[in-house]
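# Observations on the model geometry
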Amino acid sequence: MTKSAADVSVRPPRKRRSTYTLAPLVLITANVVLFALFFVWPAVIGLVYSFTNYTGVGAFQFIGLDNYQNLFGDSTFYDALSRTLLYTVLVVPLNFVLSLFIANLVVSKQAKGASVARVVFFVPWLISPIVVGVLWRWLFGENFGLINYVIEKLGGSAVPWQSNADLSLGVVVMAGAWWGTAFSMLLFIAAIKNVPVSYYEAASLDGAGPWRQFRSITLPSIAPTSFIVILLNTINAMKEYPLFVSLNNGGPGTSNNLLVQYIYQTGFNRGQIGYASAASFVLMLILMAVAIIQLIVNRRVENR
Amino acid sequence: MTTTDTPRPAGADSVRARSKRQRRNERDGGLRRAVPATTLLWILAALYGLPVAWFVLSSFKPAGDLFSLPLTVLPHNPTVSGYKAAWDSANFSQYFINTALVCVITTILTVGVSCCTGYALAKYNNRWLKFFFICILATTMLPSEVMLAPEFLVVRNLGLYNSFAGIILPAVLTATGCFMFRQFFLTVPDELVEAARIDGARELSIFLRIMVPISRPIMLTLAILSFQWRWNDYIWPLLMLNDPNKFTVQIGIQSLVGAQNINWSVLLGGSVISMIPLILIFLVFQRYVMSADINAGLKD
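Just so it is clear, the structure is predicted and the values come from calculations on it, not from any experiment. Once a new chain begins, its residue numbering starts again from 1 and follows that chain's sequence as written. A letter from A marks each chain and a number from 1 marks each ligand, given out in the order of writing. Confidence filtering applies because this is a predicted model: local features only for residues at pLDDT of at least 70, side-chain atom pairs given and counted only at 80 or more, and all residues used for totals across whole chains, interfaces and linings.

Within chain B, the regular secondary structure consists of 15 helices and zero strands. Exposure in this text rests on C-beta crowding, where 20 or more other C-beta atoms within 10 Å of a residue's own make it buried, 12 or fewer make it exposed, and counts in between make it partly exposed. The C-beta atoms are placed from the backbone. Counting over 300 residues, chain B shows a buried share of 43%. Within chain B, contacts between residues separated by at least 24 positions form 77% of all contacts whose residues are at least 6 apart in sequence. Here a strand is any run of E in DSSP of at least two residues, a helix any run of H or I of at least four, and the numbering for each starts at the N terminus. Whether two residues are in contact is decided by their C-beta atoms, placed from the backbone, lying within 7 Å.

Written as structure tokens, this is what we have:
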């Protein structure tokens, strides 16, 4: 008796809550259908096709691990992969440093006109990657760009921004960091504003300078946000495509073809759907590995 | 993915502390530190603004003046001929209408569907709901760029190739949207739902009559984000659309860039036109974007 009475008085809210099944089911129906159609289905057939020689039409045969074996023997794939990794390794830290620095400046009480400046920093993010590519191409044109014009005016000689593969990648890195700053900055601003002001007051009473305060208070306090910024930017950088297409079209030649462009070309220009699916899965494994490594590192840092 | 900052319940306390600090700074050499910080900020702002400023100013130059040396900052004879050429001859008006249509429909669907899902995930407690939440978070790991080929086949098999539905439907489900609404509804007290239930309201009408109206700020934020994503989409519309009359703005611009001889005058005009809608939306709804607590689970 007493037990059931206790049950009645304590359990009801939760028990009643879990008995509602129809309403949540109705509410998530649309997304479940979309999830099944555009996520589960492609993932499954992608995995299946990656073991076949499917070309998009007609019959196909299972060829085991041949696609994956060919992939690892394909120097074009290696070039695309290493170029993608290089781009990621360059653009993510640059973006991180710039956006963190700017976020600190915008938040700091010393800098005047921060709210106007914030809008200026925000504008690049509103421009589509394709147009960002056009914009930087216009700025860094070899014969007509503003940058080379200024360099020549200052007595230098024209820099081959377009015809040198590494310089060309450098321009894309700058463009990518420029474009991505706003969003990372937004996350950093929110995080920095959440650091209790009393920490800084205590630190400045103890005689800590701004740099010391930044290193010992701000950086550790915003570690979770830093983690998310790095993770998101890494994933975005690994799948970058439109920026390259409009800035240098993966050029000069094919020297700056990235993974997504490689997948696109093998899958749709050459019709090797099976082979492209295999490349997709390699990219997916890399993305997952990146996420897991960062999760582990983040746990370690937080537990310390 | 869900970590990051829970806002401090600080409020008045910290405001007072902050203003005190500011006053103290002003007293003992605040100016000495304000000058370098302000200078640095504005140098950086100038660097960030320069590419856009140069681009927009160039777009007002007549085609003949674009490459004439010496380059001038301000156009001598400002003209909108590039814009006109892009709008009329390069079929930009059609691309513009197409893109706007796709963006608006997708955004409405995304907001609606995300709101429903987010509410279900936050306010009901079922095991399969938790599982579905993990499924949604998993979609951030497998963006459509990665599954181009199989996703293309799926959409083709559904008979949606070369139709707007083929670019709208796959884009409706976003982890960010569901996540934003879930986080918001978690902050709504359960008592509100309980009280409505006691008053005899039915589950779905609680959602429609009470929850949907109070989530309006989140709706607006997500709508702005969604509109931006879809406006900037490139690779998926490029794959899906075959008919030049259905092309979106981004494809139109890229086809100008990909031409043998780039017509810079038209390209600059078209590009600037394509930037206008988002910048307008941003300026109008600035505070919803700037103050948005869009912490986690974010897709581009």
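Resuming the write-up.
Here the focus is the overall build of chain A. Secondary structure summary: chain A contains 15 helices and zero strands in total. Only C-alpha atoms enter the radius of gyration, while the globule expectation follows 2.2 Å times N to the 0.38, with N the number of residues. By the compact-globule yardstick of 19 Å for 304 residues, chain A is too spread out, its C-alpha radius of gyration being 26 Å. Dimensions along the principal axes, computed over C-alpha positions, put chain A at roughly 90 × 70 × 35 Å. Here the analysis covers contacts within chain A between residues at least 6 apart in sequence; of these, 68% occur between residues at least 24 apart.

This part covers the domain arrangement of chain B. Residues and elements named next belong to chain B. Residue ranges labeled as domains rest on an automatic or database domain assignment. Parsing chain B into structural domains produces domain 1 (12-82) and domain 2 (86-290). Distance from the C-alpha centre of domain 1 to the C-alpha centre of domain 2: 32 Å. In this complex, domain 1 contributes seven residues to the contact, which on the side of domain 2 involves seven residues. In terms of residue count, helix α2 (residues 30-59) provides more of the side of domain 1 that touches domain 2 than any other element does, four residues in total. In this classification, Asp, Glu, Lys and Arg are treated as charged, Ala, Val, Leu, Ile, Met, Phe, Trp, Tyr, Cys and Pro as nonpolar, and every other residue, Gly included, as polar. Counted by class, the side of domain 1 that touches domain 2 contains four nonpolar, three polar and no charged residues.

On to the interface of chain A and chain B. With 85 residues of chain A at the interface, the matching set in chain B holds 83 residues. With 19 residues, the single largest contributor to the side of chain A that touches chain B is helix α3 (residues 22-49) of chain A. Along the lines of polarity and charge, the residues of the side of chain A that touches chain B split into 63 nonpolar, 17 polar and five charged.

One recurring pattern in soluble globular proteins: nonpolar side chains tend to sit buried together. Of all hydrophobic cores here, the largest spans 165 residues; its most connected members are Ala 279 of chain A together with Tyr 119 of chain B. Those residues in contact with Ala 279 of chain A, other than ones at most four positions away along the chain, are Leu 71, Phe 77, Tyr 262, Ile 263 and Thr 266 of chain A. As used here, a nonpolar core is made of buried Ala, Val, Leu, Ile, Met, Phe, Trp, Tyr and Cys residues. They are joined through C-beta atoms within 7 Å.

Right, let's get into the confidence of the model for chain B. Do not read the fine detail of predicted coordinates wherever pLDDT is low. Residue and element names in this part refer to chain B. Confidence scores here are pLDDT values: one per residue, from the predictor, ranging 0 to 100. With 85% of its residues at a pLDDT of 70 or more, chain B has an overall mean of 80. By mean pLDDT, helix α1 (residues 12-27) is the weakest element of chain B at 49, and helix α4 (residues 92-123) is the strongest at 92. Counted against residues more than four places away or in other chains, residues 1-16, with its pLDDT under 50, gives 21 contacts. Ignoring residues within four places in sequence, the model shows residues 295-300, a span with pLDDT below 50, making 24 contacts including any to other chains. This prediction of the complex comes with two scores: 0.82 for pTM and 0.80 for ipTM.

What follows deals with unusual backbone geometry. Outside of glycine, negative phi angles account for most residues, and trans bonds account for most peptide bonds. For Asn 162 of chain B, which is not glycine, the phi torsion reads 60° and is therefore positive. You can call Asn 162 of chain B exposed: it has 12 C-beta atoms within 10 Å.

Okay, the environment of Pro 189 of chain B next. Residue and element names in this part refer to chain B. Following the sequence through the fold, Pro 189 ends up in the loop between α8 (175-187) and α9 (190-198). Judged by local crowding, Pro 189 falls into the exposed class, with 8 C-beta atoms found within 10 Å. Along the chain, Pro 189 and Ala 120 lie 69 residues apart, while their C-alpha atoms are 14 Å from each other.

Bringing the environment of Ser 255 of chain B into the picture now. Residue and element names in this part refer to chain B. Within the element layout of this structure, Ser 255 appears in helix α13 (residues 249-257). Taking the C-beta count within 10 Å as the criterion, Ser 255 has 15 such neighbours and is therefore assigned partly exposed. Considered as a pair, Ser 255 and Val 193 are 62 residues apart in the sequence and their alpha carbons are 53 Å apart.

Another point: the confidence of the model for chain A. Per-residue confidence for chain A averages 83 on the pLDDT scale, and 93% of its residues sit at or above 70. Mean pLDDT values for the elements of chain A range from 44 in helix α1 (residues 2-10) of chain A up to 90 in helix α5 (residues 75-107) of chain A.

On to the packing of α5 of chain A against helix α12 (residues 223-238) of chain A. All names here are of chain A. Contact geometry of α5 with α12 gives a least axis separation of 9 Å together with a crossing angle of 145°. The two elements α5 and α12 meet at a crossing, and its hand is right-handed. Residues Thr 84, Tyr 87, Thr 88, Val 91, Val 92, Asn 95 and Phe 96 of α5 touch α12, and the partners they reach there are Val 229, Ile 230, Asn 233, Thr 234, Ala 237 and Met 238. Partitioned by chemical class, the residues of the contact of α5 with α12 number eight nonpolar, five polar and no charged. Whenever a helix is involved, its axis is fitted only over the stretch in contact; in every case the axis is a line through C-alpha atoms, and angles between N-to-C directions fall within 0 to 180 degrees. Helix crossings get a hand from a simple test, with the near helix turned counterclockwise from the far one by less than a right angle marking a left-handed crossing and a clockwise turn marking a right-handed one.

Summarising the element assignment, Leu 267 of chain B is placed in helix α14 (residues 264-284). Along the primary structure Leu 267 of chain B and Ser 59 of chain B are separated by 208 residues, whereas in three dimensions their C-alpha atoms are 8.6 Å apart. Not counting chain neighbours up to four residues away, the residues in contact with Leu 267 of chain B comprise Val 134 of chain A together with Leu 256, Val 257 and Ile 262 of chain B.

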